[in-house]
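Working through the structure, step by step
So the chains spell out like this:
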Amino acid sequence: MKQIAPHIYVKDTYRGVTVGCIVTDAGVICIDSPLLPADARDWRAQIARLSPKPVRFVVLTDANRDRILGVQYLGGTVVAHEVAWEKMKSLGDAFRQQAADSLAPCDADVAADWRIALPQITFTNKLVLFQGDVPVVIQHVGGATPGSVWVHLPKQNALFMGDLATPNVHPLAAEADLATWLDVLRQVQNKNFPAKLIIPGRGSPCKKAALEPTANYLRTMRARVQAHIRSRKPRADLALLVSEFLGRYPVADDDLDCIQRRIRAGLDHIYDTLKSKK
């Protein structure tokens with residue numbers, strides 16, 4: 001765990017997902033959760049060593065599986081955008097079984113006692129939490145997913161961006177609205193935007209300049225798929241583009257299949273979105 005600004009602590013080693021917490025005299029606000037129950041318990045224990053105060057809120061930057069499986073172990077009131085709530089509410093037995101099958105070898109508690117901790121507070125556009133003298137501004141921005149939000153701490157000039165920011169990591173584009181996402185990245189990169197420290201959803205805290213490779217990756221994805229469509233190539237041939245993007249960032253052998261599926265899912269989604277507009 002690293003303290004990166006007053007009140008703000010971050011850990012970026014929980015199976016690729018970056019989590020954070022805001023420690024105040026009135027209680028703790030968690031931003032996202034580790035994936036596995038064991039990791040979520042470890043994170044909660046580390047938070048307890050920082051502060052005797054309870055976790056008051058857990059803010060979800062989206063409803064990605066990587067962020068919601070460990071929420072029940074953190075405590076506090078869960079906060080998310082209303083679209084994220086709708087998605088989480090719709091997850092049923094098939095999702096539970098898939099999560100148990102894929103993750104139980106890493107942590108048996110996924111199968112033993114896991115449940116979805118649904119958000120208890122939802123919002124449409126903006127929600128401001130005040131913990132003592134620390135304002136926490138939660139803003140719906142969309143882009144990476146329909147329910148993506150960022151969490152802005154104006155006093156600390158810090159911005160939690162969830163999967164809108166994935167420096168040095170392949171972005172997840174399977175639900176993306178690319179135009180919105182690229183617009184969000186442009187907005188944050190503007191020198192007048194009131195945040196200097198970016199906390200990504202995957203990877204280490206960074207400066208604004210580190211967002212440009214993600215923007216370039218997304219623009220290139222869109223351009224390659226547009227060229228694919230103009231050439232009247234079949235959707236199945238998008239698989240031939242995966243290797244081009246795979247080489248952009250280093251990938252561990254254990255993660256290779258997952259990242260290949262991530263890239264392909266993004267290409268397929270962009271293809272379907274562009275075709276639907278014709």
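Here, the structure is the one placed above.
Heads up: these notes are all about the structure in this document. Being a predicted model, the structure only gives us computed values, none of them experimental.

Digging into the nonpolar core
Core analysis: the largest hydrophobic core is formed by 38 residues, its most contacted members being Met161, Trp181, Val188, Ile263 and Leu267. Of all the secondary structure elements, the ones that give two or more residues to this core are strand S11 (158-162), helix H6 (178-189), helix H7 (212-230), helix H8 (242-246) and helix H9 (256-276). If near-sequence neighbours (up to four positions away) are discounted, leucine 267 is found in contact with Met221, Val225, Leu238, Leu241, Val242 and Phe245.

Some points on H7
Over its 19 residues, H7 runs 27 Å from end to end, which matches the ideal 27 Å to within 8%, given 1.5 Å per residue. Inspection of H7 places Thr214, Ala215, Tyr217, Leu218, Thr220, Met221, Val225, His228 and Ile229 among the buried residues, and these make up the whole buried set. Where the residues of H7 are buried, they touch H6, H8 and H9. Of the residues flanking the end of H7, it is arginine 232, one or two places downstream, whose phi is positive at about 60 degrees.

Structural notes on H9
Residues spaced three or four apart along an α-helix face the same direction, because each turn holds 3.6 residues. The terminal C-alpha atoms of H9, which comprises 21 residues, lie 30 Å apart, in line with the 30 Å expected from a rise of 1.5 Å per residue. Buried within H9 we find Ile259, Arg262, Ile263, Gly266, Leu267, Asp268, Ile270, Tyr271 and Leu274. Where the residues of H9 are buried, they touch H6, H7 and H8.

Here we look at the pattern of salt bridges
The full count for this structure, using the stated rule, is 14 salt bridges. We note a salt bridge from aspartate 163 to arginine 67, for which the minimum N-O separation is 2.8 Å. Placement of aspartate 163 in the loop between S11 and H6 and of arginine 67 in helix H2 (residues 65-68) is noted, with a sequence separation of 96 residues between them. For the pair shown, aspartate 163 and arginine 67 are each scored as buried. Here arginine 235 makes a salt bridge to aspartate 272, at a shortest N to O gap of 2.9 Å. With a gap of 37 residues between them, arginine 235 in the loop between H7 and H8 and aspartate 272 in helix H9 connect regions that are remote in the sequence. Through salt bridges with shared partners, a single ionic network connects Asp32, Asp62, Asp66, Arg67, Asp163 and Arg202.

Some details on the sheet that holds strand S3 (residues 17-24)
Consider a sheet: its strands pair through backbone hydrogen bonds, and that pairing is either parallel or antiparallel. With respect to topology, 7 strands assemble into an open sheet ordered S1-S2-S3-S4-S5-S6-S7, the strand pairing being mixed. Pairing within the sheet leaves two strands with one partner each, and these edge strands are strand S1 (2-5) and strand S7 (121-123). Sheet twist, expressed as the mean angle between neighbouring strand axes with direction ignored, is 25 degrees. Bridge count for strand S2 (residues 8-14) against S3 is 5 bridges, and the pairing is antiparallel. Across the sheet, the residue bridging to tyrosine 14 is valine 17, located in S3. Contacts between helix H1 (residues 37-50) and the sheet are confined to S2, S3, strand S4 (27-31) and strand S5 (55-59), with S2 contributing the most and set at about 155 degrees to the helix. Strands strand S6 (77-81) and S7 of the sheet are contacted by helix H3 (residues 82-90), whose axis makes an angle of about 110 degrees with S6.

Rules and cut-offs
Residues numbered from 1 in each chain as written. Predicted model: local features only at pLDDT ≥ 70, side-chain atom pairs only at ≥ 80, totals over all residues. Heavy atoms only, no water. Core = buried A, V, L, I, M, F, W, Y, C linked by side-chain atoms within 4.5 Å. Buried < 20%, exposed > 50% of the residue type's maximum accessible area, 1.4 Å probe, protein only. Helix = DSSP H or I, 4+ residues; strand = E, 2+ residues; numbered from the N terminus. Contact = heavy atoms within 4.5 Å. Expected span 1.5 Å × (residues − 1). Salt bridge = Lys/Arg side-chain N within 4 Å of Asp/Glu carboxyl O. Pairing = 2+ DSSP bridges. Axes fitted to C-alpha atoms, helices over the stretch in contact; angles between N-to-C directions.

Honestly, it's all geometry; don't read function into it.
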